[in-house]
Amino acid sequence: MTNLEPLHPIKESVPSNYVDGRLKYLEPKIDWIREYLSRAKAVQEKLRSLGFEKRVRILDRVGRVWAEKLESGSFEALKKELVKSTGYSETMIEEDLRLVSEVFKKENVESLINSGLNGGVKSLDDFVEVAPGEYVSNLPAGPVFIIASGNSVIPPLIPTVTSLITNNLTILRPSLTNYVVVREVFKSLEDLDDEALVLGDALLITYLSHDSKVLGYLLKEAPLGVINYWGGEPGRTAVYRAVAENPYKPRLIVNGPLTGVAVIDGDSLGSSLSEVSEALAREVLMYDQQLCSSPTMALFVGSYEKAVQLAREVSKYLDVMGGSHKIEVSEGWLYKLNTLRKSLEFQGAKVFKSSNPENPYTIVVSEGKSSFSGLRLVPLEFHSRRRFLELVVVSDLRECVRLIRELPKVAGYSGVDKVQTVAFWVDREKVDSYVKELVSAGVYRVVPLGESFLRTPNEPYDGEYIPRYFTYTVYLRVKKSI
């Protein structure tokens, strides 16, 4: 049995209620957490006294250390663990781990802060004049407690880096699926130098099981400033109820489950059929559609015949590209998938599918509405599906907007709050009209087809800039000299 310690120089930790095979997760004692949080003001002031330039350079070095170890092959065993815990192909895991260092890059962190905060990076250290005689300074709103998702290594890293760079004592509870790698990423904070240890002291990473008393204490009693929850039900409602009891009234920010939709203009296909098909196949394979941005439905504005032609071409690309993204699924999962495929065929949908269990893709072509809407029971629920795309043929752009708005109400898509991302393909001369209509559907992002998973540091998350989660702004006005 291997004990997996929290990441922090904790002297006293106890076994959590969760054991994963040979791994036993340890968690800090509540008394230790109380003492740790009692030092929050001093920890945050020490962080701020370092200054933004030093903090961002330390984080940049963390990213470089990770990249060097990754390049040297130090994480081969870790990759295999992630394949097992996430269900992704080894190729997908390698891509995910390669993106880790991007989160820590100095220029990316600077863009994240400058895009998200009035006053930019300098406002984290001092007042910044934003108009003649008017100043703002952005101060830490923490201590911060982040309950992260497990669909990729990147989502837990972005809020954690943002919380640290904005001077917050930060407690991160990653998902079990990526706990080991998230802990490994930040471990170098303990090895770099004394200034890196200031950030190390401001960060606690620990796994907490759902029935952990420590988790209950943090949500219901701890003197926190911000709680950031990433995930859906039933955890979301449980967190809402627990935080309502907290006498310190921490700010609760929830990033709920979302999904993506692809929109393709049939008249714009022309000679681009192959290019569009490849892009759509790539969207299906990236993270097996487990991201909030991944298209799980594609809306095709045009004829049924052209949509079938597109689906057939996408299937060809998935046969080839999916071969290098092999995954393992259970027989029970395959049984449910095949039952779902047959159920949709009975609804009149045309189904393109793979018989290869290591590349089990499905493309369903429906006309006018989702074929799921006719099902009383859905054998394979939305969040359990992988490499599964429904291509719905619609007559015009207004129908696209309607279906995007109504998607969470369709049986086969229950469990998502709304559509986050639209990835679209349209001729250049139609771009403006498409964007105008698609934005009216209430989505948060509109991006080119094939780029749903790509994010830049200038982007907000779910309609909000993350640095604002973890800060509050002090405003200062001075008398103007006459």
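The following refers to the structure shown. Just so we're clear, the structure is a prediction, and the values are computed from it rather than from any experiment. (Residues numbered from 1 in each chain as written. Predicted model: local features only at pLDDT ≥ 70, side-chain atom pairs only at ≥ 80, totals over all residues. Heavy atoms only, no water.)

1. Topic: the side chain of Q290
The condition is simple: What counts as a helix is a DSSP run of H or I of at least four residues, what counts as a strand is a run of E of at least two, and both are numbered from the N terminus. Here a polar contact is recorded for every N or O atom pair within 3.5 Å, except that within protein the pair must consist of a potential hydrogen donor and a potential acceptor, and residues adjacent in sequence are included only if both atoms are side-chain atoms. Whether two residues are in contact is decided by their heavy atoms: any pair within 4.5 Å suffices.
In this fold, Q290 is placed in the loop between α13 (273-285) and β12 (295-301). Polar side-chain contacts of Q290 include one of 3.1 Å to the backbone oxygen of D288. The contact partners of Q290, leaving out residues within four places of it in the chain, are Y88, N151, H383, R385 and R386.

2. Quick look at a nonpolar patch on the surface
How we decide: Like-charged residues are merged into a patch within 9 Å and nonpolar side chains (Val, Leu, Ile, Met, Phe, Trp, Tyr) within 5 Å, provided each residue has over 30% relative accessible area and no salt bridge. Only the protein chains shown count as cover for residues, and all accessible areas are computed by the Shrake-Rupley method using a 1.4 Å probe. Definition used for salt bridges: Asp or Glu carboxyl oxygen within 4 Å of a side-chain nitrogen of Lys or Arg.
A contiguous nonpolar surface patch, about 210 Å² in accessible area, is contributed by F127, L476 and V478. Following the sequence through the fold, L476 ends up in strand β18 (residues 471-477).

3. Points about helix α5 (residues 90-98)
Using the following cut-off: Throughout, exposure labels follow a simple rule: accessible area from a 1.4 Å probe, protein chains only, divided by the maximum for the residue type, with under 20% read as buried, over 50% as exposed, and the rest as partly exposed. As used here, the arc is the angular range of directions from the helix axis to the C-beta atoms.
Those residues of α5 not exposed but buried are M92, I93, D96 and L97. Taken down its axis, α5 places every buried residue within 130° of arc, on the same side. Packed against the buried residues of α5 are α3 (52-72), α4 (76-86), α6 (100-104), α8 (154-165), α9 (179-186) and α13.

4. What about the sheet that holds strand β17 (residues 445-448)?
Counted only if it meets this: Strand pairing is assigned whenever DSSP identifies at least 2 bridges connecting the two strands. Every axis corresponds to a line fitted to the C-alpha atoms, with the helix fit spanning only the stretch in contact, and the corresponding angles, defined between N-to-C directions, vary from 0 to 180 degrees.
Pairing within the open sheet is mixed, and its seven strands lie in the order β13-β14-β15-β12-β11-β16-β17. A single partner strand is all that each edge strand has here, and the edge strands are β13 (350-353) and β17. Taking each pair of neighbouring strands and ignoring which way they run, the sheet shows an average axis angle of 20°. In this sheet, β17 lies alongside strand β16 (residues 418-425) in parallel orientation, the contact comprising four bridges. Considered in β17, the bridge of F424 is made with P448. Sheet contacts for helix α14 (residues 304-321): β11 (258-265), β12, β13, β14 (362-367) and β15 (388-394); angle to β14, the most-contacted strand, approximately 175°.

5. Brief notes about the nonpolar core
Condition: Residues belong to a common nonpolar core when they are buried Ala, Val, Leu, Ile, Met, Phe, Trp, Tyr or Cys residues joined through side-chain atoms within 4.5 Å.
Ranked by size, the top nonpolar core spans 88 residues in total, and within it F104, F145, L157, F186 and L218 carry the most contacts. Here this core takes seven residues from α3, the largest share from any one element. Filtering out sequence-adjacent residues up to four positions away, F104 remains in contact with L59, D60, V62, G63, V109, L157, V161, V185 and F186.

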